[in-house]
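Chain and residue survey
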Amino acid sequence: HLTNFTGCGNTVNASNPMCAEWINDCLRFWALEMRVDGFRFDLASALCRGEDGQISADMDPLFVRRVSNDPLLSRVKLIAEPWDCSWPDGYLVGKFPNGGAPRWAEWNGK
């Protein structure tokens, strides 16, 4: 069963520990090796969905928590486009989770 929350056909299950760690490893590579100083995540609400496809009820999704608390990514800018293609639960403008200390800026589309 595949679900497409992005409308682009490239939704990943970021609530899966292996997938979340793979994404984190990729971000570390770009930040440390290529010296990228920030990341903008299109349709970032899709990264906040649990195994059941629902937005994380506790608003503490695994992917966001891992990226936010990774010491190697502590200096990079994190910008979320806080919605995806599933309305209304995917619209997180003004309430995108931070995974602890406020780290994420929101791209509000206005």
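The structure contained in this document is the topic of the report that follows. (Residues numbered from 1 in each chain as written. Predicted model: local features only at pLDDT ≥ 70, side-chain atom pairs only at ≥ 80, totals over all residues. Heavy atoms only, no water.)

A short note on the overall build of the protein chain
- If you tally the helices and strands in the protein chain, you get 2 helices and 3 strands.
- N-terminal to C-terminal, the α/β element order of the protein chain is α-β-α-β-β.
- For the protein chain, whose C-alpha radius of gyration is 13 Å, the value lies close to the compact-globule estimate of 13 Å for 110 residues.
- The buried share of the protein chain, taken over its 110 residues, is 42%. (Helix = DSSP H or I, 4+ residues; strand = E, 2+ residues; numbered from the N terminus. Rg over C-alpha atoms; globule rule 2.2 N^0.38 Å. Buried < 20%, exposed > 50% of the residue type's maximum accessible area, 1.4 Å probe, protein only.)

Remarks on the pairing of strand E2 (residues 77–80)
- Of the two faces of E2, the one lined by Leu 78 and Ala 80 is fully buried and the one lined by Lys 77 and Ile 79 carries no buried residue.
- Pairing of strand E1 (residues 38–41) with E2, which is carried by 4 bridges, proceeds in the parallel orientation. Across the sheet, the residue bridging to Phe 41 is Ala 80, located in E2.
- Handedness of the crossover joining E1 and E2 through helix H2 (residues 62–69) is recorded here as right-handed.
- Pairing of E2 with strand E3 (residues 104–106) involves 3 bridges; the strand directions are parallel. Counted as the bridge partner of Ile 79 is Ala 105 from E3. (Pairing = 2+ DSSP bridges. Right-handed = clockwise from strand over helix to strand, strands pointing away.)

Some points on the sheet that holds E3
- Read from one edge of the open sheet, 3 strands run E1-E2-E3, paired in parallel fashion. Only two strands of the sheet have a single neighbouring strand rather than two, namely E1 and E3. Ignoring strand direction, the axes of neighbouring strands in this sheet form an average angle of 25°.
- Lying on the sheet, H2 is in contact with E1, E2 and E3; it crosses E3 at an angle near 120°. (Axes fitted to C-alpha atoms, helices over the stretch in contact; angles between N-to-C directions. Contact = heavy atoms within 4.5 Å.)

A word on the nonpolar core
- Residues Leu 27, Phe 41, Phe 63, Val 67, Phe 96 and Trp 104 are the most contacted members of the largest nonpolar core, which totals 21 residues.
- The set of elements that each furnish at least two residues to this core consists of helix H1 (17–32), E1, H2 and E2.
- In terms of residue count, H1 provides more of this core than any other element does, 4 residues in total.
- Not counting the four nearest positions on each side in its chain, Phe 63 is found in contact with Ala 14, Ala 20, Ile 23, Leu 27, Phe 41, Leu 47 and Trp 104. (Core = buried A, V, L, I, M, F, W, Y, C linked by side-chain atoms within 4.5 Å.)

Let's talk about the state of the cysteines
- On inspection of all chains with the given rule, the structure shows 0 disulfides.
- The thiol sulfur of Cys 19 is not disulfide-bonded, and the nearest other cysteine sulfur, from Cys 26, lies at 9.3 Å.
- When its relative accessible area of 16% is taken as the criterion, Cys 19 is described as buried.
- Cysteine Cys 48 remains unbridged, with the sulfur of Cys 19 as its closest cysteine sulfur at 13 Å. (Disulfide = S-S within 2.5 Å.)

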